[in-house]
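Reading the structure
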Amino acid sequence: MEKQSIKIYARVRAAAGRRPGIYAVHNAGASASSLEITVPRDLADGFVNNKRETYRFRFLETFDQDTKQEAIFERIARPVAERVLAGYNGTVFAYGQTGSGKTFTITGGAERYSDRGIIPRTLSYIFQEVQKDVSKVYTVHVSYLEIYNECGYDLLDPRHEASKLEDLPKVTIMEDPDQNIHLKNLSLQPATSEEEALNLLFLGDTNRMIAETPMNQASTRSHCIFTIHISSKEPGSATVRRSKLHLVDLAGSERVAKTGVGGQLLTEAKYINLSLHYLEQVIIALAEKNRSHIPYRNSMMTSVLRDSLGGNCMTTMIATLSMEKRNIDESISTCRFAQRVALIKNEAVLNEEVDPQLMIGRLKKEVQALKDEIALLSGEQRTAELTPEETQRLQEQLRNFLEDSDPEQLLDVGADMRKIHYCFTYFKRLLHDQAEMRESVRDPERPPSAPPGEMKKLRDLLQQRDSEINILVSMLKKEKKRNQDMKYHNPQHPTERDPHSSTPPTATRTSALHRKTEEMSLGRQEAFEIFKRDYPGRVHIEDNKVLLKQRFAEAKSLGEEVNNVRRRINELKAAVEQRRMQQAARGVSSIIQEANECDPEEEELRAQMEAEKKRYKERFTRLKSLKTEIEHLQLLLEKSKIRLQKEFQEWWTQETCSLQGRGEVNVHSSPSSSGGRTHSVSDEEHWVTTSSEQRVGSVSRDTPIPLTGDSQTDADILAFVRARHNLLSRKGSAHQ
Ligand code: ADP
Ligand code: MG
């Protein structure tokens, strides 16, 4: 395949109120557009290095503010996904300053189904195509890597309940002698359906969100790489195609100078800028002709994306731009970066290889086929055992041979070792029988042996019993195994997890969170209710709940309709059949056939059936897309709930700490307490009144508060009293 430049697109973030004059988009034709940015006069003076006022950049296409997510997928991601399905590597990465819409473009907005981004749409598209293409067998895996401060973390590890990034498995880079990069500890999770893949995406996003604290702001300072690994092969073939699609949400590209923060944040800012700086170095090196060393190894991100940059990959970049006045300099620097990226040429090759395991399997099959062919040509059908007919024929041959007194007579059983072995065994048994007979003649005390004919019968009977016993034993084994399996799958044994259960990983996580909610003490629950009531994101949660309900109702009625249409089709089929039988009985059909004419009534029924089938297909397609939407909405809701709980937890801890800080509660942290929330309350203090100055300060002094004696719960109760007071006073001041 010939070399191809990295494709660059620009997307301007939607913002409230356009600022005319700052930028202009000229899309000329299918693959050429120019974006003109004009620096406002009041900014131009202080602008670094700036003599000009207008900058012009070239992109394949510039997507203005009103561009929908669907169009972004269709124009940018779908062509890459198509190539990946065909066996080529692909990468789509978003680059831009924080807040310019990278996450919105790559993953999607957190509130609306229509805002879903490139990752969920690509998954949807890939699984649709995989299901359509029956000529190949596909397997899909996904992985989700976060790189933060030069360390890699596996966002998809279902065994971990991360509360901070460091809890997640650390991913490291290994390089083999052929300089191929391997990511140690990054799990590849199998996904057999769109639903499973979506669950994994949401698991990773939830991990990312939970691990993020206000201090580390991982989402702006880390790089996230969601990778879809596809392998495909034709049935029976040993040639496998393996390809990867990286969907990359890079860290914010803003410069350190502008970040202007101290302490830890500066270290982080330096790190991002350092890794993005290394990315820039790689890009500059790639754009230079005759440059042999490309500094990929300087950072983890450039190592992981080595193939995407100047290697075996079809790569696309989306420059995300925010055109507010204060962001103009960053937007110009993003566009400059994109112009350099456009100079890089990649060469995507078909990733096709012969799988040794599959090859062995295929060769084994071939050997067997050749054996079968030989057997067929030599007129013999070889199996592992002689068939009863073959044994019978052999016995006859042997008897004839033994009875024939002619010493010249030969026994010819052919070149079949199984038959030769059978003959030897036969002779041995015969000799043994004769020796036994001679013995019994010499020893009259011995019970008489059964005559040879009788013996044979007994022996056959014995053999028959043996095989019966074998069959029974194997049946018993099977039964036992089944019982064990049933025990294993039985939901009454909750400690044993059904390995085939389709419970998504997110469900595991959310059930853990639900557990946390259940464990909340009453005071906390009440505070949680109040917190929820005033939570700004509640509107979206409620909207989505309503939408979900509507969709469920729609799906239900559509499901009923689909069933009705199916019933109607079956009725019509039966009617056609009946009509045919009637016609046949009347002898009409042959006349019609001879005249090459159609029965008009049957035609009518068939037309009705076709119409119903069309209706069925339409309804079914709609039902399927509704199902995807419902699943997506459920995951969005789940994510919002987790975010709500996380924010509540943060607020709660803060409230408790500030309460203790002011010494308003007669409590002291035990050294083992986490966040200072374990307090000692003596047994005699079960009932206290808050009129005591020491306890709750100015809060509800006259209300008696029942304490339980459990230090954790009591701390919760006291913290709640304070929190409620805070909330009420905040509300009070808001009303004033
Ligand atoms: P980044 O990841 O680059 O820091 P985000 O994707 O988080 O930026 O975007 C910042 C905010 O702007 C989010 O609230 C996001 O939903 C919103 N946003 C970004 N791009 C768009 C867009 N094209 N349309 C609507 N909202 C957008
Ligand atoms: Mg982001």
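No experiment lies behind these values; they were computed from the predicted model shown.

Details of the packing of helix H2 (residues 69-85) against helix H4 (residues 118-132)
H4 packs onto H2 with a crossing angle of 45° between their chain directions and a minimal axis gap of 9 Å. Between H2 and H4, the angle falls in the class oblique. Between H2 and H4 lies a crossing of right-handed hand. Contacts between H2 and H4 involve Gln 69, Glu 70, Ile 72, Phe 73, Ala 77, Arg 78, Ala 81, Glu 82 and Leu 85 from the former and Ile 118, Arg 121, Thr 122, Tyr 125, Ile 126, Glu 129 and Val 130 from the latter.

Some thoughts on the packing of aromatic side chains
Enumeration according to the criterion identifies twelve aromatic pairs in this entry. Seen from their ring centres, Tyr 95 and Phe 337 are 3.9 Å apart, and the 10° between their planes marks the pair as stacked. Linking Tyr 95 in strand E7 (residues 90-95) with Phe 337 in helix H10 (residues 328-341), this pair joins segments that are 242 residues apart in sequence. The exposure class of Tyr 95 is buried, given its relative accessible area of 0%. Cluster of aromatic residues (ring-pair linked, three or more members): Phe 528, Phe 531, Tyr 535, Phe 648 and Trp 651. The ring of Tyr 113 is capped by Arg 116, whose NZ or CZ atom sits 4.0 Å from the centre of that ring. Here the basic side chain of Arg 306 rests over the ring of Tyr 296, its NZ or CZ set 5.8 Å away from the ring centre.

Considering the pairing of strand E2 (residues 7-12)
For E2, a buried count of five out of six residues is recorded, marking the element as mostly surrounded by other parts of the structure. In this sheet, strand E15 (residues 314-321) lies alongside E2 in parallel orientation, the contact comprising six bridges. Paired with Ile 8 across the bridge in E15 is Met 317. Across three bridges, the pairing between E2 and strand E6 (residues 61-63) is parallel. Looking at E6, one finds that Arg 11 is bridged to Phe 63.

Observations regarding the layout of surface pockets
Within this model, the largest pocket holds a volume of roughly 1,200 Å³. As for the largest pocket, its lining consists of 48 residues, of which Thr 103, Phe 104, Gly 108, Gly 109 and Ala 110 are closest to the centre. Secondary structure elements with two or more residues in the lining of the largest pocket: E2, helix H3 (102-106), helix H5 (194-211), helix H6 (218-221), helix H17 (538-586) and helix H19 (600-661). Broken down by class, the residue content of the lining of the largest pocket amounts to twelve nonpolar, 21 polar and 15 charged.

Some points on the nonpolar core
Counting residues in hydrophobic clusters, the biggest one holds 70 residues, and the most contacted among them are Leu 123, Phe 226, Ile 228 and Leu 247. Among the elements that make up this core, the one with the highest residue count is H19 (ten residues). Apart from residues lying up to four places away in sequence, Leu 123 is in contact with Val 142, Ala 197, Leu 198, Phe 226 and Ile 228. In terms of nonpolar packing, the next biggest core, distinct from the first, is built from 44 residues, Val 39, Tyr 95, Val 304 and Val 341 among them.

Remarks on a negative patch on the surface
On the surface, a cluster of negative charge is made up of Glu 403, Asp 404, Asp 406 and Glu 408. Tracing the backbone shows Glu 408 in the loop between helix H12 (388-403) and helix H13 (417-442). Given the relative accessible area of 66%, Glu 408 is considered exposed.

Overview of the site of ligand 1
Within the structure, ligand 1 sits among Arg 11, Arg 13, Ala 14, Gln 97, Thr 98, Gly 99, Ser 100, Gly 101, Lys 102, Thr 103 and Phe 104. Lys 102 is positioned such that a nitrogen or oxygen atom in its side chain is 2.8 Å from an oxygen atom of ligand 1. Between Phe 104 and ligand 1, the recorded distance is 2.7 Å, taken from a backbone N or O atom to an oxygen atom. Cavity membership is defined here by more than half of the atoms lying within 2 Å of grid points; on that basis ligand 1 lies in the largest pocket. No other element matches the three residues that H3 contributes to the shell around ligand 1. When its residues are assigned to classes, the shell around ligand 1 shows two nonpolar, six polar and three charged.

Things to note about the side chain of Arg 306
The residue Arg 306 is located in the loop between helix H9 (300-304) and E15 in this model. The buried charged residue Arg 306 lacks any salt bridge partner; its closest oppositely charged side chain belongs to Glu 175, at an N-O distance of 4.2 Å.

Focus on the confidence of the model for the chain
Looking at the chain as a whole, the pLDDT averages 78, with 73% of positions reaching at least 70. A low-confidence stretch, residues 256-263 (pLDDT under 50), is modelled with ten contacts involving residues beyond four sequence positions or located in other chains. Contacts for the low-pLDDT stretch residues 664-703, under 50 throughout, to residues beyond four places or in other chains number 72 contacts.

So, how was this worked out
Residues numbered from 1 in each chain as written. Chains lettered and ligands numbered in written order. Predicted model: local features only at pLDDT ≥ 70, side-chain atom pairs only at ≥ 80, totals over all residues. Heavy atoms only, no water. Axes fitted to C-alpha atoms, helices over the stretch in contact; angles between N-to-C directions. Helix = DSSP H or I, 4+ residues; strand = E, 2+ residues; numbered from the N terminus. Parallel < 35°, antiparallel > 145°, perpendicular 65-115°, else oblique. Left-handed = near helix turned anticlockwise from the far one by under 90°. Contact = heavy atoms within 4.5 Å. Phe/Tyr/Trp six-rings, centres within 6.5 Å; stacked < 30°, edge-to-face > 60°. Buried < 20%, exposed > 50% of the residue type's maximum accessible area, 1.4 Å probe, protein only. Lys NZ or Arg CZ within 6 Å of the ring centre and 35° of its normal. Pairing = 2+ DSSP bridges. 1 Å grid on protein atoms, 1.4 Å probe; cavity = no way out; pocket = protein on both sides within 12 Å on 5 of 7 lines; lining within 4 Å. Points joined across faces, edges and corners; volume = space filled by probe spheres on them. Nonpolar A, V, L, I, M, F, W, Y, C, P; charged D, E, K, R; others polar. Core = buried A, V, L, I, M, F, W, Y, C linked by side-chain atoms within 4.5 Å. Patch = residues over 30% accessible without salt bridge, like charges linked within 9 Å, V, L, I, M, F, W, Y side chains within 5 Å. Areas by Shrake-Rupley, 256 points an atom, 1.4 Å probe, with all protein chains shown as cover. Salt bridge = Lys/Arg side-chain N within 4 Å of Asp/Glu carboxyl O. Lys, Arg positive; Asp, Glu negative; His and termini not counted. Charge placed at Lys NZ, Arg CZ, Asp CG, Glu CD. Near = heavy atom within 4 Å. Polar contact = N/O pair within 3.5 Å; in protein donor to acceptor, adjacent residues only side chain to side chain. Sits in = over half its atoms within 2 Å of the grid points. pLDDT = per-residue confidence, 0-100.

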